[in-house]
Each structure stands twice: as structure tokens, then as C-alpha cells.
Amino acid sequence: MYNCSVRYIWYVAAALLCMHAACTPVLRLDPGAQRVASGSTELIVGISAVDASTVWISGTGGMYGRTLDGGETWESGVVPGADSLQFRDIHAVDAQTAYLLSIGFGSQSRIYKTADGGRSWVLQFTNQEPEGFFDCMGFWDAERGLAFSDSFDGAFYIVTTNDGGSSWTRIPTSNFPAASSGEGSFAASGHCVHVFGDSTAWIGTGAGENANARVLITTDGGSHWTDAATPIAAGGSKGIASVTFHDRLLGAALGGDVADMESTAPNVALTYDGGLTWSVIGRPYFSGPVYGATYVSRAPVPTLVAAGPNGIAFTADQGTSWTMLSDLNHWSVAFADATHGWAVGPDGRITKLQLYE
């Protein structure tokens, strides 16, 4: 491992304007922000925040990294024997333990785990299906999780673990709705799956032959799944790239055409009933797709942050209005709490987001 500083750091200041019970976050870029050289020039896609101090990241070239001081310094490295892999998703348990998911057809899709802060990695899962292509993963706790692949032969492909990744089991295809030809998701942020509580998860799909993207829903830890249509267009390179929930009922599905950077078509939908029904609310104030999105943890009001190749924006009023934070290319975003967030992107980019009263 080697120490590296952040390639780009923009400190985002925020004020909460509160009147009685209503609080509206106001974020702006700090004019005193710094830009310093990074030890990595890889595309960073995966990000997982444990707390305000500990954050893990992952990307192309077999790269992973972490900070233990809230992003002041970063240490990163390459998983041995994995320098050709793209780690598009990462799940961190604590400062020592994390899972990595690589993407690609067949054996390129793998899951690794470290229990010693990245000093060593164990290959836990290798996809044996030539047409399988894993996009994202999610964990309910340190032991129980799932990983999602694009469909093939008309069926979705999901594996689950109940023992910390020591074994992974494929869910029977009969336990899913049928998949349309080519239907899957997009490995643009590691956010195509969102887990909640101890047994609920949502997965956003796209591409395929459906006119509209779907959300797959489980409430029993991944054993059985139902689906719900969304207003977001699907087919080709269109669909949902990110699903995120504020609580068990309020959630968002975001995406668009992941190959069209100029599109201004609506690409954000909300649900107020746990994903059973969805309503389109428009789009952030930047063109092109949303790759990654999250609700800000423990924010005083539901605050949704969206990131894409053309910027970062947030809404605190269910999409009625959006505020731009940056017009730079970002792929994913994560918050440890209402005052500590980070976004990542190409060329080793890490953007620190701060929200405070």
C-alpha cells in the first residue's frame, strides 16, 4: 500500500435555514478549496463510508483505497493478481474489513474480501457463467449480502451469502420475475442495489426490451423477488443506474441514458410506498445521466444527492428544485452522516462534501 493525497478536494460548506419544524439545507462550494496531486489516476467508482473518519474506495486497475482521518490522507493499493479488473463496487464493514466487486463477463466478475485493512485479500467468489456480468452488491450486515448480475437466458442472476462471503449461493430463477432479453443494470456506481433493515432490498434494472425500467424488490433477504415498473425509460443504454432509500417507504430511482451526456430527458423517479409505485419528478440541473445517488444519512430533511459525468446536485424538496454543487465528472457519492460526505470519479478524483448547521 502507498500513501496518497486527494487529487481534487472541494470542501462544500452548508447552512441549515430552519424555521419552526422546517429545515432546508443550503450547500455551496467553499472558495478556499484546495487541489493537490493524487497517488492514483484510476477511475474511482466504488465508495463506502463506515463513519466520519473511515471511508473505502475502489476503481479500475484493481485499485482500492481507504482513509482513516476523514479524507485528509488516503492510502491505496492494487489487489494482487487483479490489476486488470475494474472494482466498480465496494462495501466496507469497518476500518479493517471490506468487500470488493469486479465487473465483466465470466470470470472477470469476482468478489474479494480483506479483514486486515487491505494488507491481504481473499478471492471469495468467481462467476462461472460466461454470460453473467455482475454490476453491484449490497450487505445487510457483516455476514449477509447479495450481488446482482445482468440477466441471461431470460433469467436474472443473483447470489447471496450468509457467512461473510465464505460461500455464495445462486437464488433459483423461479423466484424472480422473468427478465427481458438483455435486461440488467449499469455498473456505473455500485448503486444499482440498495439494502435496508435486515431483509429488504431493491435493484434497479435497465437496457433489455422493456419500454420502462423496473425495480426488483425482496423482503425476505433475497430469497424471493417481485417487480414494479418505473417511469424511467429503458432499452439500449437507458435505465436505472442508482436506487437509494431514505427509509422503508421513501426512495428514488435515477439513471437515464448512460451513453448520452447531452440528454435532458426526465431521469429521476420517487416512491412513497416502498417501491410499489413510482412517479417521475424530472431531473437534476445537469445534462446527461445520473450514475450514483444517495440520501444524506441523518439529514434533518430527506436530502437526495445525485452525481453524474456532468456534475453533482442535490434536492431537499423531493425534486421541486435542485442545487448544483459541481459541474465536474463524478460517478458515485456516499455520506457517513449529515456533515461528512464524499464523491468520486475519474483520474483519482475525490470530492469532500460537508453539510453543517
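Scroll up to find the structure this text is about.
Residues numbered from 1 in each chain as written. Predicted model: local features only at pLDDT ≥ 70, side-chain atom pairs only at ≥ 80, totals over all residues. Heavy atoms only, no water.

## Quick notes on the overall build of the protein chain
Link 1 in the chain: Within the protein chain, the secondary structure is distributed over 0 helices and 34 strands.
Link 2 in the chain: When burial is assessed residue by residue, the protein chain has 61% of its 357 residues classed as buried.
Link 3 in the chain: In the protein chain, the proportion of contacts linking residues at least 24 apart, taken out of those at least 6 apart, comes to 50%.
Link 4 in the chain: Of the roughly 13,200 Å² of accessible surface on the protein chain, 50% is carried by carbon and sulfur atoms. (Helix = DSSP H or I, 4+ residues; strand = E, 2+ residues; numbered from the N terminus. Buried < 20%, exposed > 50% of the residue type's maximum accessible area, 1.4 Å probe, protein only. Contact = heavy atoms within 4.5 Å. Areas by Shrake-Rupley, 256 points an atom, 1.4 Å probe, with all protein chains shown as cover.)

## Some details on the sheet that holds strand β29 (residues 304-308)
Link 1 in the chain: Taken together, 4 strands build an open sheet; the order of strands is β28-β29-β30-β31 and the sheet is antiparallel. Looking at which strands have only one partner, the edges of the open sheet turn out to be β28 (292-295) and β31 (323-326). Taken over all neighbouring pairs, the strand axes of this sheet differ in orientation by 20° on average, direction set aside.
Link 2 in the chain: Relative to β31, strand β30 (residues 311-315) runs antiparallel, the two being bridged by 3 bridges. Paired with I312 across the bridge in β31 is S326. (Pairing = 2+ DSSP bridges. Axes fitted to C-alpha atoms, helices over the stretch in contact; angles between N-to-C directions.)

## So, the sheet that holds strand β20 (residues 200-204)
Link 1 in the chain: The strand order across the open sheet formed by 4 strands is β19-β20-β22-β23, and the pairing between neighbours is antiparallel. In the strand order of this sheet, the two ends are held by β19 (193-196) and β23 (226-233), each with one partner. In this sheet, adjacent strand axes meet at a mean angle of 20° when their direction is disregarded.
Link 2 in the chain: Sheet analysis places β20 next to strand β22 (residues 212-218), joined by 4 bridges and oriented antiparallel. Bridge pairing in β22 places A201 opposite T218.

## Observations concerning the nonpolar core
Link 1 in the chain: Counting residues in hydrophobic clusters, the biggest one holds 15 residues, and the most contacted among them are L146, F148, I158, I203 and W225.
Link 2 in the chain: Elements with a minimum of two residues in this core: β15 (145-152), β16 (155-161) and β20.
Link 3 in the chain: Among all residues touching F148, those that are not within four sequence positions of it are F133, F134, D135, C136, F156, Y157, I158, G184, S185, C192, I203 and L216.
Link 4 in the chain: Grouped together as the second largest cluster of nonpolar side chains are 14 residues, V301, F314, F335 and L353 included. (Core = buried A, V, L, I, M, F, W, Y, C linked by side-chain atoms within 4.5 Å.)

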